[in-house]
Amino acid sequence: MSPLIEVRGLRYRYEDGTVGLNGVDFRLEPGESVALLGPNGSGKTTFALHLNGLLRGEGSIQICGLPVEKQNLPAIRRKVGMVFQDSDSQLFMPTVVEDVAFGLLNLGMDSAGALAKARAALETVGMSAAETRAPYHLSAGEKKRVAIAGILAMEPEILVLDEPTTFLDPLGHRSLAELLAQLPQSKILITHDSRLAAALCNRAVFFEAGQVSAEGPVDMIVARFGWDLAWERSKLRS
Amino acid sequence: MHIPDGFLATPVWATLDVAAAPAVVYLTRRAQRTLEENKVPLLGVLGAFVFAAQMINFPVGPGTTGHLVGGALLAFTLGPAPASVVMVAILAIQALVFQDGGVLALGANIINMAIVGVLAGYLPFHIWGETRWRRFSLFAGGALSVLVSACLALAELLISGVRMPVSVLSISLALFAVSALLEGAITLAVMQALERIQPKTVRHPQPGGSPVLAFIGLTAVLLATVGVLFAAGGPDGIEKILNLHPASLHSTFLRQASAGILGLVLIYVACLVIGRVAGRPRSL
Amino acid sequence: MRHVVVDCWARGSSLLHRRDPRAKIVALLVFLIALATTSRGLPLFACGLLLLLVAALLWARLPVWGALVRAGIVLPFSAVFAIVSWLAGDPARGASLLIKSYLSALAVLLVISTTPLPVLLRGLEGMGVPHFLLDVGQFLYRYFFVISEEAQRMNQAAAARAASSWQWAVGQRFRASAGALGVLFARSYARAEDIHRAMLARGFQGRFLLLDATRFRRADLLFTAFASLAPVVLRIALDRVSA
């Protein structure tokens, strides 16, 4: 079976000239879920933004066999559903249901169909009651769910989630993890939460300075790079 | 200064509403053309910024603080037409949601603050923005945007017959002058901060167009405003303006209306001239 | 924040809330124009209009006293001019300024308290206002609260660092506030870029496509007719009576 995502030799420079990505290779097979781990500024988000053509670098990227080029972008952006770190920047419409329907209307669906699908997506994430509310009145966890609904409505094959547990309290973490575990799509999860990564992902890729340092099972990568939030209290006290 | 409903005479607010409508449509189309692509989020978010920025306090002296109005700042970072569109949106929301400024008076407030104010603020920057007078042009732009829009508002109130003895008039003008200087100072300070933090957001106006024509336009606006203010100052204001008119106009209504309309047509034409000059496409 | 209360009122479900926004806009304009063009017999007319507005507030199940107080936001400004007019020997004009500005504010408050702003803006779109301008307005309203919160946090942080003596500190605090505004601007600009990316990621092609707007129904027509005629009829009746 052909991979869902195949990236070869991806290079990217920021506007000011600094190197963002320095030759990244990556594959996502159908049914897999991969965690992207690594320090802040190591290029994880920059990498993710290439997957649906929001950033353009050098090298080759293929999504479900389609090269990331201008004419393929509409199809690719439907297949790759991206949930951004800041939900406020993602929920930009005046009400919840209008936001979830946004992508569907852009795909050319008629109003009635879009409304029905939007409602179904809200049902999936458990936010049906919030249909007519304004995003400003929602909590961080609720906003994240609505953002996910907006992506699910477009029926993507791949979900890319950029640090989804930011701003969430422990209860929010758990309930988000439960929701994500139920979703059948392949996932790319950028996170600092090693337990979430271990629970949801088959393997992990560790980024450092715009390159992939290592990849393998989540536990192995976490242990190798010390990427766990827990530490020994005794070490702090000495 | 946001003019509430009930202050302006009917010929004044009606004329200004009629004048503002096509101007807003024109500026909206122009803004859409001058921005690289559909930049609705950028204009909306920066409009929210200006709104929110009015909460940040600038110390002016013991116990007193002032705040940014923002028209000139928007013009320097977005260009005059997009800045006008943002200001129109701000004024409309202020009128509807916060009852800050009237609904029938929206035309007047839009012309004062979103059109003439923004243009007057942009003009010094357009002329001197690329020269060694850049800092002065930033300051002058901020000051002019507030001063001209406040004076226009005052002129409209006076034409409408709102009582304002010379003492009150002088105090108002003094307050406007202070606000103008403050706006200039804040605008300059923020632009300097921006040039350090995020230089790409600051525009560099291309020299070109005709500074002479622009000067004439601005002078016309200032003369019209000052002229109306002086002529209308005090309770005899309306009569003084009316003495300029031919005796064939009998009805008081028509007299008031034509006095108002004459002054405002002058201002409107001047604005169009300035707009054409400042917005002329540059040859690269 | 002041607006939170009105925002709450706007989410009610009375019959007035459910009317098409265009009907309410037309009724508002007729009301405002009728008020603005009245000079003779203003006090009596104003009482009639006030009764109309109070009746509408009751119909909308809104707190009448709360609305009357909220509309008073315009009074300080008008009072200054009213006092000046009175001292200049024209008390009638002073009273007119107060009455007209207050009643206009109350009428606008009634509309915004029964129509969430996004719905009102959509209504204006159906009346010929350029959609680009209205879309900017929608985004402005959506992000106003978000950025205000950021601004408040920066204000608190700046206040916490302020020196106690003001003489030498004014210049520094001025620069600090300007720096705060610069940072807020840069963050807002960056947020706008994030939003744009999120829009593109969901297939945005350049135009905002909307779910169906509300249809103008017979109830809306009846409301428009009645609400528009009421002030006009009142005015004509008062003119006849005083003649």
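Only a predicted model underlies this, so the values are computations on that prediction, with no experimental measurement involved.

## Let's talk about the overall build of chain C
Counting its secondary structure elements, chain C contains 10 helices and 0 strands. Starting at the N terminus and ending at the C terminus, chain C contains elements arranged as α-α-α-α-α-α-α-α-α-α. Taking 243 residues into account, the globule formula puts the C-alpha radius of gyration at 18 Å, and chain C, at 23 Å, lies well above it. Considering only C-alpha atoms, chain C reaches an extent of 65 × 55 × 30 Å along its principal axes. Of all intrachain contacts in chain C linking residues separated by at least 6 positions in sequence, the fraction that spans at least 24 positions is 76%.

## What about helix α3 (residues 71-78) of chain B?
All names here are of chain B. In terms of residue burial, α3 counts as a mostly covered element, since 8 of its 8 residues are buried. Taken together, the buried positions of α3 are occupied by Gly71, Ala72, Leu73, Leu74, Ala75, Phe76, Thr77 and Leu78. Contact partners of the buried residues in α3: α2 (40-53), α4 (80-98), α5 (106-128), α6 (134-159) and α7 (166-197). One or two steps after α3, the chain reaches Gly79, where phi turns positive at roughly 100°.

## Observations concerning the sheet that holds strand β7 (residues 158-162) of chain A
Residues and elements named next belong to chain A. An order of β6-β7-β8-β3-β9-β10 is seen for the 6 strands of this open sheet, with the pairing classed as mixed. Edge positions in the sheet fall to β6 (80-83) and β10 (211-217), since each has one partner strand and no second. Going across the sheet, the axis of each strand differs from the next one's by a mean of 20°, ignoring polarity. Of the strand pairs in this sheet, strand β9 (residues 203-208) and β10 are connected by 6 bridges, and their pairing is antiparallel. What sits directly across from Arg203, in β10, is Pro217. Each of β3 (33-37), β9 and β10 touches helix α9 (residues 218-225); the most contacted strand, β10, lies at about 130° to it.

## A word on the interface of chain C and chain B
The partner chain B presents 56 residues to the 67 residues of chain C that form the contact. Put simply, the parts of the chain that give the side of chain C that touches chain B at least two residues each are α2 (21-36), α5 (75-87), α6 (91-113), α7 (117-125), α8 (131-161) and α9 (169-201) of chain C. Examining the composition of the side of chain C that touches chain B, we find that 20 residues originate from one element, α9 of chain C, more than from any other.

## Some thoughts on the domain arrangement of chain C
Residues and elements named next belong to chain C. Each assigned domain of chain C is listed here: domain 1 (2-125 + 215-242) and domain 2 (131-201). Measuring from the centre of the C-alpha atoms in domain 1 to the corresponding centre in domain 2 gives 34 Å. Contacts between domain 1 and domain 2 engage 5 residues on the former and 5 residues on the latter. Its residues assigned to classes, the side of domain 1 that touches domain 2 comprises 4 nonpolar, no polar and 1 charged.

## Here's the deal with the confidence of the model for chain B
Close inspection of predicted coordinates is inappropriate for parts of the model with low pLDDT. Residues and elements named next belong to chain B. Per-residue confidence for chain B gives a mean pLDDT of 78; residues scoring 70 or more make up 69%. At the level of individual helices and strands, chain B shows its lowest average pLDDT in helix α9 (residues 237-242), which scores 48, and its highest in α4, which scores 94. Every residue in residues 279-284 scores below 50 in pLDDT, and together they form 8 contacts with partners more than four places removed in sequence or on other chains.

## Digging into the sheet that holds strand β4 (residues 58-63) of chain A
Residue and element names in this part refer to chain A. Overall, antiparallel pairing links the 4 strands, which are arranged β2-β1-β4-β5 in an open sheet. Lying at the two open borders of the sheet, with one neighbouring strand each, are β2 (19-28) and β5 (66-67). Pairing geometry for strand β1 (residues 5-13) and β2, over 7 bridges, is antiparallel. The residue bridging Arg13 from the neighbouring strand is Val19, located in β2.

## Some points on the pairing of β7 of chain A
Residues and elements named next belong to chain A. Buried residues dominate β7, accounting for 4 of its 5 residues. Bridge count for β7 against strand β8 (residues 186-190) is 5 bridges, and the pairing is parallel. In the strand pairing of β8, Leu159 is matched with Lys187. For the handedness criterion, the β-α-β arrangement of β7, helix α7 (residues 170-182) and β8 is classed as right-handed.

Rules and cut-offs
Residues numbered from 1 in each chain as written. Chains lettered and ligands numbered in written order. Predicted model: local features only at pLDDT ≥ 70, side-chain atom pairs only at ≥ 80, totals over all residues. Helix = DSSP H or I, 4+ residues; strand = E, 2+ residues; numbered from the N terminus. Rg over C-alpha atoms; globule rule 2.2 N^0.38 Å. Contact = placed C-beta atoms within 7 Å. Buried ≥ 20, exposed ≤ 12 C-beta atoms within 10 Å, placed from the backbone. Pairing = 2+ DSSP bridges. Axes fitted to C-alpha atoms, helices over the stretch in contact; angles between N-to-C directions. Domains from an automatic or database assignment. Nonpolar A, V, L, I, M, F, W, Y, C, P; charged D, E, K, R; others polar. pLDDT = per-residue confidence, 0-100. Right-handed = clockwise from strand over helix to strand, strands pointing away.

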